[in-house]
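# Summary of the model geometry
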Amino acid sequence: MKKIEAIIRKIKFEEVKEALLDADIEWFSYYDVRGIGKSRQGRIYRGVVYDTSSIERILISIVVRDKNAEKTVKAIIQSAHTGEIGDGRIFVIPIEEAVRIRTGERGDIALYNAEQEK
């Protein structure tokens, strides 16, 4: 199993969500996050200088079976790409164990409903 965390532009979230659903990734969490990037500049609005080095992004967190990891990463790359600095990052992290609280199922089966695959 893999945990995939993607930090993407806020404006690309709906496109990424649709791409994940099209790739049969139906469950994930997302969060509004702020971070510091390479670009550091101040913007002036009505004579006041604002620091824009703090960047607003969306963090998407997904745990998938190994066989779905690559298609998940590809879906995010294709839908979040603009070609400009600040498109984001994807991190793929190994997951040791998953447990479904309701049934106690462990491993891959805890990530999906086996009844649906029949």
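Read on for an overview of the structure. Note that the coordinates shown come from a computational prediction; the quantities given were computed from them, not determined experimentally.

Turning to the environment of I55, a few remarks are in order. On the secondary structure map, I55 appears in strand β5 (residues 54-64). Sequence-wise, I55 and G86 are 31 residues apart; in three dimensions their C-alpha atoms are separated by 9.1 Å. In this view, I55 contacts V33, R34, G35, I36 and G37; residues no more than four positions away in its chain are not counted.

Take the sheet that holds strand β1 (residues 2-9) next. Read from one edge to the other, the open sheet built from four strands follows the order β2-β5-β1-β6, with strand pairing classed as antiparallel. Edge positions in the sheet fall to β2 (29-36) and β6 (88-94), since each has one partner strand and no second. Taking each pair of neighbouring strands and ignoring which way they run, the sheet shows an average axis angle of 25 degrees. Summarising the sheet, β1 and β5 pair through eight bridges and their orientation is antiparallel. Bridge assignment links R9 to a residue of β5, and that residue is R57. The sheet strands contacting helix α2 (residues 66-80) are β1, β5 and β6, and the helix crosses β1 at an angle near 5 degrees.

This next bit is on the packing of aromatic side chains. Remark: the centre distance and the inter-plane angle together describe each pair of aromatic rings, the angle taken between the planes. One pass over the structure, following the stated rule, counts one aromatic pair. Ring geometry for F13 versus Y30: centroids 4.5 Å apart, planes at 40 degrees, classification tilted. Placement of F13 in helix α1 (residues 13-22) and of Y30 in strand β2 is noted, with a sequence separation of 17 residues between them. It is R65 that lies over the ring of Y112; its NZ or CZ is 3.9 Å from the centre.

What follows concerns the side chain of R100. Within the secondary structure, R100 sits in the segment after β6. Take R100: its relative accessible area is 13%, and that puts it in the buried class. Once residues within four sequence positions are removed from consideration, R100 is found in contact with E105, I109, A110, L111, Y112 and N113.

Criteria and thresholds
- Residues numbered from 1 in each chain as written.
- Predicted model: local features only at pLDDT ≥ 70, side-chain atom pairs only at ≥ 80, totals over all residues.
- Heavy atoms only, no water.
- Helix = DSSP H or I, 4+ residues; strand = E, 2+ residues; numbered from the N terminus.
- Contact = heavy atoms within 4.5 Å.
- Pairing = 2+ DSSP bridges.
- Axes fitted to C-alpha atoms, helices over the stretch in contact; angles between N-to-C directions.
- Phe/Tyr/Trp six-rings, centres within 6.5 Å; stacked < 30°, edge-to-face > 60°.
- Lys NZ or Arg CZ within 6 Å of the ring centre and 35° of its normal.
- Buried < 20%, exposed > 50% of the residue type's maximum accessible area, 1.4 Å probe, protein only.

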